[in-house]
Amino acid sequence: MEPLVVIFGSTGTGKSDLAVELATQFNGEIINADAMQMYKGLPIITNKITVDEQRGVPHHLLGNIELDADPWSVMEFRREATRIISEIHARGKLPIVVGGSAYYIDGLLFDNRLVKGETPPEADGQTREELVAKHPILAGSAEAMLEKLREVDPIMADRWHPNDVRKIRNSLEIFFTTGRRASDIYAEQRIQKQSRWASPDSEPVQKPWKLLLFWLYARRDALNDRLDKRVDKMVANGLLDETAELYDRYLTRVASGEIVDRTRGIVQSIGFWQFEPYLHALRQTPQRPDLAMLKQTGIEDTKTGTRRYAKYQVRWITMKTMTSLQEEKILNKLYLLDGTNVKTWHSEVAAKGVELTRKFLAGEQLPQPVDMSETARDVLALKVAESNRSATPCNKACDVCKKTFLTEESWQIHMSSKKHAKELRALKKTALTVFTPKEPQRLLTKSTTGSSRKTP
Ligand SMILES: [Zn+2]
């Protein structure tokens, strides 16, 4: 089997630097897995690695899509990344996937037949026009589609916000193309995964590549400081020029009658909407006395948004990526490298990463991931210990969330989760009061993609 190195972690931990270091030492090529860095131009807001920093290493999927284009779906990313990985192998080189868009990384690593909120692979055979011709409702209003979805798949209908046209449409498309409810398919996938984990004899899931995974980690306080400073540096380097450029593009699109999805694509970059009040004032009423204050607020909001994004990325890794690795019994391939201290970044991250990669490529015995550092032990130990013993099988259903759990552990986790508490609160509320539609979620809290970073 051919080797594949994958580097992920939150923004500001030095992923791109490690990737370049490994590529330089082991004849590698880099595949970007950061949705925002796939957009052309805007190097500051997307935190793109500079040509100098690339040190002559070939980079793929970097700046490869137009600014007005939709971001790639997980399916598209998986297909293209897999193709590029094969090409790099054919050149006798080492592919290194690096990026902060965890859903791309998961999409590549875990062969979920169906990715939540996306059109199923079966739909690939027919064009969107063909599908819509067969099911005209797919071109209808959000209300009409939601009504239809409520009829065919009430669980999914409950899950989506009435304004979330894309997700509502996707769930309907799944039903039309597979003849099955998306909710049933997800439940089935979950059961398959959990029963694998619960069964002590099941083998690790075979992957198309021999994997080495790096999680670049930094303790939160240190990281937050670093992220704040980075935002200041971005502003000094001309962030505001880029956001102004993006804002004018946005206005042009809106003026041409296009309905621009504010939650999708390049406009989702952290550091864009945060400056909207400032940019608006700058265009409309440039003599306003509080312009400087609006700008300062934009900077503060960008800092908050960046911190929140980093936290979200770490949560994704611990809740989703690690859980999937655990379920597939390949958690032992994940090495956490501690980039908390910038001063020791070279010894803790670069040197350890290089040594592990050397052993991995030479087929030598690798150390235990928990033995790599104090931080690795702190962060990984619990999950690793959990993995070393088999889960306790059970079959419990949460009536509130309409979910089934096949292991005692996942049941316990669910019952103490924020998600469950939220559902429970919502249920109590609807039982007590007349239904009033929720306010659309603010962008800041919804941001699922953003930029990642090259320097620690
Ligand atoms: Zn629940």
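What counts, and at which threshold
Residues numbered from 1 in each chain as written. Predicted model: local features only at pLDDT ≥ 70, side-chain atom pairs only at ≥ 80, totals over all residues. Heavy atoms only, no water. Helix = DSSP H or I, 4+ residues; strand = E, 2+ residues; numbered from the N terminus. Buried < 20%, exposed > 50% of the residue type's maximum accessible area, 1.4 Å probe, protein only. Contact = heavy atoms within 4.5 Å. Areas by Shrake-Rupley, 256 points an atom, 1.4 Å probe, with all protein chains shown as cover. Expected span 1.5 Å × (residues − 1). Pairing = 2+ DSSP bridges. Axes fitted to C-alpha atoms, helices over the stretch in contact; angles between N-to-C directions. UniProt positions renumbered as here; feature names shortened; annotations may be inferred. Donors = N, O, S within 2.8 Å, 3.2 Å for Na, K, Ca; no water. Tetrahedral: all angles 85-135°; square planar, octahedral: opposite > 155°, others 65-115°. Core = buried A, V, L, I, M, F, W, Y, C linked by side-chain atoms within 4.5 Å. Domains from an automatic or database assignment. Salt bridge = Lys/Arg side-chain N within 4 Å of Asp/Glu carboxyl O. 1 Å grid on protein atoms, 1.4 Å probe; cavity = no way out; pocket = protein on both sides within 12 Å on 5 of 7 lines; lining within 4 Å. Points joined across faces, edges and corners; volume = space filled by probe spheres on them. Nonpolar A, V, L, I, M, F, W, Y, C, P; charged D, E, K, R; others polar.

### Looking at the overall build of the chain
Helix and strand counts for the chain come out as 18 helices and eight strands. Put simply, the chain has 456 residues, and 50% of those count as buried. In the chain, once contacts between residues fewer than 6 apart in sequence are set aside, the share between residues at least 24 apart is 76%. Surface accessibility of the chain: about 22200 Å² in total, with carbon and sulfur atoms responsible for 53%.

### What to know about helix H3 (residues 74–90)
The terminal C-alpha atoms of H3, which comprises 17 residues, lie 24 Å apart, in line with the 24 Å expected from a rise of 1.5 Å per residue. Tucked inside the fold, the buried residues of H3 contact strand S1 (3–9), strand S2 (28–32), strand S3 (59–60), strand S4 (94–98) and helix H4 (102–109). Among the residues trailing H3, Gly92 stands out with phi positive, at a value near 75°.

### Considerations on the sheet that holds S3
With respect to topology, six strands assemble into an open sheet ordered S3-S2-S4-S1-S5-S6, the strand pairing being parallel. Looking at the sheet topology across the chains shown, the edges are occupied by S3 and strand S6 (334–338). In this structure, S1 lies alongside S4, joined through three bridges in parallel fashion. Residue pairing for S4: Val5 is matched across the bridge by Ile96. In this fold H3 packs onto S1, S2, S3 and S4, with an angle of close to 175° to the strand it touches most, S2. The strands touched by H4 are S1, S4 and strand S5 (210–217); relative to S1, the strand with the most contacts, the crossing angle is about 155°.

### Comments concerning the environment of Lys396
Topologically, Lys396 is positioned in strand S7 (residues 393–398). Excluding residues within four positions of it along the chain, Lys396 makes contact with Lys403, Thr404, Phe405, Glu408 and Trp411.

### Quick look at the UniProt feature "domain: C2H2-type" (unreviewed entry) in the chain
As annotated in UniProt, the feature "domain: C2H2-type" (unreviewed entry) corresponds to residues 398–420 in the numbering used here. For the annotated span residues 398–420, helix accounts for 48% and strand for 26% of the residues, and the straight-line distance between the end C-alpha atoms is 9 Å.

### Remarks on the coordination of the zinc ion
Surrounding the zinc ion are the protein donor atoms Cys398 (SG), Cys401 (SG), His414 (NE2) and His420 (ND1), at 2.0 to 2.2 Å. Each of the four donor atoms around the zinc ion contributes to a set of angles spanning 105 to 115°, which defines the coordination as tetrahedral. Each donor residue of the zinc ion belongs to the same chain, and together they define the spacing C-x2-C-x12-H-x5-H. A residue pair is termed long-range when its members are at least 10 positions apart, and Cys401 in the loop between S7 and strand S8 (403–407) and His420 in helix H17 (residues 418–432) qualify at 19 residues. The same class applies to Cys401 as to His420, namely buried.

### Here we look at H4
Among the eight residues of H4, eight are classified as buried, and the element is accordingly described as predominantly covered. Those residues of H4 that are buried are in contact with S1, H3, S4, S5 and helix H13 (291–327).

### Focus on the nonpolar core
Note on soluble globular proteins: their nonpolar side chains tend to be buried together. Within the largest apolar cluster, 94 residues are counted, with the highest numbers of intra-cluster contacts made by Ile7, Phe214 and Trp215. Built from parts of two domains, this core gets at least three residues from each of domain 1 (1–110 + 182–219 + 311–456) and domain 2 (225–306). Sequence-distant contacts of Phe214, defined by excluding residues within four places in its chain, comprise Val5, Val6, Ile7, Phe8, Leu18, Leu22, Leu334, Tyr335, Leu337, Gly353, Leu356 and Thr357.

### Here's the deal with the pattern of salt bridges
Within this structure, the stated rule accounts for 26 salt bridges. The shortest N-O distance in the salt bridge between Arg91 and Glu29 comes to 2.9 Å. Highlighted residues: Arg91 in the loop between H3 and S4 and Glu29 in strand S2, separated in sequence by 62 residues. Residues Asp232 and Lys303 are paired through a salt bridge, measuring 3.0 Å at the closest nitrogen-oxygen approach. Here Asp232, found in helix H10 (residues 220–236), pairs with Lys303, found in helix H13; they are 71 residues apart in sequence, far enough to count as distant. Look at Lys303 and you get buried, because its relative accessible area is 12%. Taken together, the shared-partner salt bridges connect Asp68, Arg249, Arg253 and Glu258 into one network.

### Considering empty space enclosed by the protein
Within the structure shown, the criterion is met by three cavities of 30 Å³ or more. Considered as a void within the structure, the largest cavity measures approximately 80 Å³ in volume. Surrounding the largest cavity, 13 residues form its lining, Ser16, Ile30, Asn32, Gln37 and Val98 being those nearest its centre. Those elements that provide at least two residues to the lining of the largest cavity are helix H1 (15–26) and S2. Considering each element in turn, the lining of the largest cavity owes the most residues, four residues, to H1. Across the lining of the largest cavity, the residue classes break down as six nonpolar, six polar and one charged.

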